[in-house]
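Below, each chain spelled out in residue letters.
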Amino acid sequence: MTDLPTAEARPTEARLLHMVFPDHTNHLGTLFGGQALAWMDMSAFIAASRYARTTVVTARSEQVDFNQPIHKGDLVEVVARVVKVGRSSMNVDVEVITENLLTGERKLCTRGHFVMIALDPLGRPTQAPPLVPADA
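Treat the numbers as computed from the prediction; the structure is a model and nothing was measured.

Asker: I would appreciate a short explanation of the nonpolar core in the present structure.
Answerer: Soluble globular proteins tend to pack their nonpolar side chains together in the buried interior. Ranked by internal contacts, the top residues of the largest apolar core, which has 28 residues, are Met90, Val92 and Val94. Here this core gets eight residues from one element, more than from any other, and that element is helix H1 (residues 33–52). Ignoring any residue separated from it by four or fewer positions in sequence, one finds Val94 in contact with Met40, Ser43, Ala44, Val78, Val79, Ala80, Thr110, Arg111, Gly112 and Phe114.

Given below as structure tokens:
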């Protein structure tokens, strides 16, 4: 039997993989921005939930930059990292990276910042665990 993670060992990152199929794209064959945001929010939710080990909700998404189009047929890797923790809030940075499965070329396409809130069983904000620095 393995021990539960300690504060030092709490996971701060989540990675999700998706394929861009035709029903995810607009008339130009590129990923709908709303679909990208949904995938980003989901990865932020997973990263914050794994970190806090409690129910979390999205309080805010901010500064989402769409720098490169994401094309039908691309593999999309969404990487979310808890980068700062307040009392009940967790700041999560999210990157969307595409990979062409035939060439292996990877591009950073989208970045965003999400604020997630830890909730107690009654749905009220609750203390999130303090973030332990990576070099600790």
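After that view, the rundown keeps rolling.
Asker: Help me understand the pattern of salt bridges, please; the structure alone is not making it clear to me.
Answerer: A side chain of one charge can pair with a side chain of the opposite charge when the charged atoms of the two come close. The tally for this structure, following the rule as stated, stands at nine salt bridges. The salt bridge involving Glu77 is made with Arg106; its shortest N-O contact spans 2.8 Å. Placement of Glu77 in strand S3 (residues 75–85) and of Arg106 in strand S5 (residues 106–119) is noted, with a sequence separation of 29 residues between them. When the shortest N-O distance is used, the salt bridge between Asp120 and Arg124 registers 3.1 Å.

Asker: How do you make sense of the packing of aromatic side chains when you look at a structure like this?
Answerer: Working definition: an aromatic ring pair is given by the centre-to-centre distance plus the angle between the planes. If you walk through the whole model with that rule in mind, you get zero aromatic pairs. Lying over the aromatic face of Tyr51, Arg10 brings its terminal NZ or CZ to 5.8 Å of the ring centre.

Asker: Please clarify how the environment of Val132 should be interpreted in this entry.
Answerer: Looking at the secondary structure, you find Val132 in the segment after S5. On the basis of relative accessibility, which here comes to 29%, the residue Val132 falls in the partly exposed class. In the structure, Val132 is positioned 53 residues away from Val79 in sequence and 20 Å away in space, judged by C-alpha atoms.

Asker: Would you take a moment to explain the environment of Val20 for this structure?
Answerer: Tracing the sequence through the fold places Val20 in the loop between strand S1 (13–19) and H1. With 102 residues separating them along the chain, Val20 and Leu122 place their C-alpha atoms 38 Å apart. Discounting chain neighbours no more than four positions away, the residues touching Val20 are Thr25, Leu31, Trp39, Ile70, His71, Lys72, Gly73, Asp74 and Val76.

Asker: I keep staring at the confidence of the model for the chain and nothing clicks. Help me out?
Answerer: One rule of thumb: low pLDDT means the predicted coordinates there are not for detailed reading. The predicted model of the chain has a mean per-residue pLDDT of 92, with 92% of residues at 70 or higher. In the predicted structure, residues 1–7 sits below a pLDDT of 50 and forms one contact with residues beyond four places in sequence or in another chain.

Asker: Could you clarify how one ought to interpret the sheet that holds strand S2 (residues 55–66) in this entry?
Answerer: Pairing between the strands of a sheet is mediated by backbone hydrogen bonds and can be parallel or antiparallel. With respect to topology, five strands assemble into an open sheet ordered S1-S3-S4-S5-S2, the strand pairing being antiparallel. Both edges of this open sheet fall to S1 and S2, since each of them pairs with a single strand only. For this sheet the average axis-to-axis angle between neighbouring strands, irrespective of direction, equals 25 degrees. In this sheet, S5 lies alongside S2 in antiparallel orientation, the contact comprising nine bridges. Looking across to S5, one finds that Thr58 is bridged to Met116.

Asker: Quick question: what am I supposed to make of unusual backbone geometry here?
Answerer: Leaving glycine aside, a negative phi is the common case for residues, and trans is the common case for peptide bonds. Even without being glycine, Arg53 reaches a positive phi, approximately 55 degrees. Of note, the phi angle at Gln63 is positive, near 45 degrees, even though the residue is not glycine. Within the element layout of this structure, Gln63 appears in strand S2. Gln63 sits in the exposed class, given a relative accessible area of 58%.

About the thresholds
- Residues numbered from 1 in each chain as written.
- Predicted model: local features only at pLDDT ≥ 70, side-chain atom pairs only at ≥ 80, totals over all residues.
- Heavy atoms only, no water.
- Core = buried A, V, L, I, M, F, W, Y, C linked by side-chain atoms within 4.5 Å.
- Buried < 20%, exposed > 50% of the residue type's maximum accessible area, 1.4 Å probe, protein only.
- Helix = DSSP H or I, 4+ residues; strand = E, 2+ residues; numbered from the N terminus.
- Contact = heavy atoms within 4.5 Å.
- Salt bridge = Lys/Arg side-chain N within 4 Å of Asp/Glu carboxyl O.
- Phe/Tyr/Trp six-rings, centres within 6.5 Å; stacked < 30°, edge-to-face > 60°.
- Lys NZ or Arg CZ within 6 Å of the ring centre and 35° of its normal.
- pLDDT = per-residue confidence, 0-100.
- Pairing = 2+ DSSP bridges.
- Axes fitted to C-alpha atoms, helices over the stretch in contact; angles between N-to-C directions.

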